[in-house]
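Examination of the molecular architecture
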Amino acid sequence: ARHKKWMQSTHRRLKGKGKSDARCRELVALHLPKGSGPRDRQGVHTFSAGDLRMVKQAYTDEWNQPYREATRTMVDLRDLRREQKQIIEKLYKVTEAEFARKQAEEKAATGLAGISLFGGAVAKALNKASESPTEAPPVSKVKGVDQIAKELGI
């Protein structure tokens, strides 16, 4: 606040002594670049419209630079996430899909083998029927539900 008041009072004082606007600006606003426009009566380059555009552009670029960097970083992170998902999908196809298929086959095999109708009476009746001398298939080749369950540990 003090510096602003000093700039204001110094500008008024210099203008009161007959200095041009360009001279006052050069003496008071040291943070601004010197003008590159045509010279005024006192031989000082004025601040042209092109100078104004360049200063404004530099100022907005300075303010927007962190935002641009953050946006660029977010886009890069999004791309990395997509690439990571693709790699995970490929890895799953190679490793987990085969494992899941084997588990599904095991579940299907154990699920069918574990079915016992009427407490296993049907399987026992089938075994007894296969033991009868009138039937041709040997008993060792025909497995009952109970035998399959014992083999699978159910």
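What counts, and at which threshold
- Residues numbered from 1 in each chain as written.
- Predicted model: local features only at pLDDT ≥ 70, side-chain atom pairs only at ≥ 80, totals over all residues.
- Heavy atoms only, no water.
- pLDDT = per-residue confidence, 0-100.
- Helix = DSSP H or I, 4+ residues; strand = E, 2+ residues; numbered from the N terminus.
- Expected span 1.5 Å × (residues − 1).
- Buried < 20%, exposed > 50% of the residue type's maximum accessible area, 1.4 Å probe, protein only.
- Contact = heavy atoms within 4.5 Å.
- Salt bridge = Lys/Arg side-chain N within 4 Å of Asp/Glu carboxyl O.

**Thoughts on the confidence of the model for the chain**
Of all residues in the chain, 78% attain a pLDDT of 70 or more, and the chain-wide mean is 80. Of all secondary-structure elements in the chain, the lowest mean pLDDT belongs to helix H5 (residues 121–131), at 55, while helix H1 (residues 2–16) reaches the highest, 93.

**Regarding H1**
An ideal rise of 1.5 Å per residue puts 21 Å on 15 residues; H1 measures up with 21 Å between its terminal C-alpha atoms. Backbone geometry just downstream of H1 places Gly18 in the positive-phi region, at approximately 95°.

**With respect to the environment of Gly35**
Mapped onto the secondary structure, Gly35 falls in the loop between helix H2 (21–28) and helix H3 (49–94). Taking relative accessible area as the criterion, Gly35 reaches 10% and is therefore assigned buried. Separated by 17 residues in the primary sequence, Gly35 and Leu52 have C-alpha atoms spaced 9.2 Å apart. Beyond its immediate stretch of four places on either side in the chain, Gly35 contacts Arg25, Glu26, His45, Thr46, Phe47 and Asp51.

**Here's the deal with the environment of Thr10**
Relative to the helices and strands, Thr10 resides in helix H1. The buried category is assigned to Thr10, whose relative accessible area is 8%.

**As for the pattern of salt bridges**
What the rule picks out here adds up to four salt bridges. With a shortest N-O distance of 3.7 Å, Asp61 and Arg68 are connected by a salt bridge. For Asp61, a relative accessible area of 28% corresponds to the partly exposed category.

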